[in-house]
Amino acid sequence: MKHLIFIGFMGSGKTTLGKRLSKKLHIKFVDTDQYIEDMEGKSIREIFETEGEDFFRNLETKALKDLLQSPNRLLLSLGGGTPLREENRRLIKENGFCIYLQMSAEEAYIRLKKDTKRPLLQTKNPKQTIEDMLEKRNPIYESAADYILKEDGKNIPQVLNELLEIEGTVYENISD
Ligand code: S3P
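Residues numbered from 1 in each chain as written. Predicted model: local features only at pLDDT ≥ 70, side-chain atom pairs only at ≥ 80, totals over all residues. Heavy atoms only, no water.

Q: Looking at this model, I keep getting lost on the pattern of salt bridges. Mind explaining?
A: Side chains that differ in sign of charge can pair as their charged atoms come close. The tally for this structure, following the rule as stated, stands at 12 salt bridges. Across the pair Glu51 and Lys42 runs a salt bridge whose closest N-O atoms are separated by 2.8 Å. Classification of Lys42 by relative accessible area gives partly exposed; the value is 26%. Here Asp115 and Arg118 are joined by a salt bridge, their closest N and O atoms 2.8 Å apart. Owing to a relative accessible area of 16%, Asp115 belongs among the buried residues under this scheme. It is possible to trace a salt-bridge network through shared partners that takes in Glu53, Arg57 and Glu60. (Salt bridge = Lys/Arg side-chain N within 4 Å of Asp/Glu carboxyl O. Buried < 20%, exposed > 50% of the residue type's maximum accessible area, 1.4 Å probe, protein only.)

Here it is in structure tokens:
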């Protein structure tokens with residue numbers, strides 16, 4: 001039994017799309033950032049501020065391990081940095097069918113320029129930060145994915161429809 005896993009850069013709509021798709025597929029949705037915030041009783045921003053990024057990354061791996069053990073099939077939305085750790089990629093490959101919600105740096109910037117919740121984007125030049133991060137991360141996301149969905153120029157209902165169109169493939173792959 002494989003879980004359905006959404007990965008992608010911040011702002012790619014993993015949570016919004018995950019919630020909507022999970023309703024259609026009648027499976028439970030869990031967002032790892034939310035799970036971590038509940039576990040710690042703090043926001044991601046506070047965790048970064050008080051404990052630092054390494055501490056957060058360890059919580060992320062722990063959350064992933066916990067959730068993948070669920071006996072019921074889940075739709076999991078992972079924080080944008082989760083696939084960067086080799087151990088996490090292995091866990092994703094072994095236990096999930098992974099969909100990468102891919103967008104360009106331009107699209108990411110449009111969606112994220114007013115963001116205040118993501119600690120890694122609170123820089124002097126968020127546009128450059130996004131470009132640099134995405135350049136490094138895109139090949140890693142691609143290597144972790146079983147399916148790549150290109151989002152640029154599409155709105156949420158269009159992406160959702162596309163996800164539903166691949167539903168047959170997804171089901172085939174997660175039910176073995
Ligand atoms: C991060 C992405 C965030 C959150 C944290 C770090 C990242 O999650 O986990 O701010 O390194 O890309 P979202 O992708 O849900 O915004």
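Q: Quick question: what am I supposed to make of the side chain of Glu60 here?
A: By the element assignment, Glu60 lies in helix H4 (residues 53–68). The contact partners of Glu60, leaving out residues within four places of it in the chain, are Ile36, Gly79, Gly81 and Thr82. (Helix = DSSP H or I, 4+ residues; strand = E, 2+ residues; numbered from the N terminus. Contact = heavy atoms within 4.5 Å.)

Q: Can you walk me through the nonpolar core in this structure?
A: It is characteristic of soluble globular proteins that their nonpolar side chains tend to be buried jointly. Ile7, Phe9 and Leu76 are the most contacted members of the largest nonpolar core, which totals 26 residues. Of all the secondary structure elements, the ones that give two or more residues to this core are strand E1 (3–7), H4, strand E3 (74–77), helix H5 (86–95), strand E4 (96–102), helix H6 (105–112) and helix H7 (126–144). Grouped together as the second largest cluster of nonpolar side chains are 16 residues, Leu4, Phe6, Leu17 and Leu21 included. (Core = buried A, V, L, I, M, F, W, Y, C linked by side-chain atoms within 4.5 Å.)

Q: Would you mind showing me how to read helix H2 (residues 32–40) here?
A: In an α-helix, one full turn covers 3.6 residues, which means residues spaced three or four apart are oriented alike. For H2, the N-terminal capping position is held by Asp31, with its side-chain oxygen 3.3 Å away from the main-chain nitrogen of Asp33. Once H2 ends, the next one or two residues include Gly41, with phi positive near 65 degrees. (Polar contact = N/O pair within 3.5 Å; in protein donor to acceptor, adjacent residues only side chain to side chain.)

Q: Where do I start with the site of the ligand in this structure?
A: In the region of the ligand, 13 residues are neighbours, and Lys14, Asp33, Arg57, Gly80 and Arg137 sit closest. Here an oxygen atom of the ligand and a side-chain polar atom of Lys14 are 2.7 Å apart. Take Arg137: an N or O atom from its side chain is 2.7 Å from an oxygen atom of the ligand. Relative to its unbound accessible area of 390 Å², the ligand is 95% covered by the protein chains. (Near = heavy atom within 4 Å. Areas by Shrake-Rupley, 256 points an atom, 1.4 Å probe, with all protein chains shown as cover.)

Q: Sorry if this is basic, but what is going on with the side chain of Asn88 here?
A: Inspection of the secondary structure puts Asn88 in helix H5. Beyond its immediate stretch of four places on either side in the chain, Asn88 contacts Thr61, Leu64 and Thr82.

Q: I keep staring at the environment of Leu4 and nothing clicks. Help me out?
A: The topology assignment puts Leu4 in strand E1. For the pair Leu4 and Ile92, spaced 88 residues apart in sequence, the C-alpha separation works out to 9.5 Å.

These figures come from the coordinates and say nothing about function on their own.
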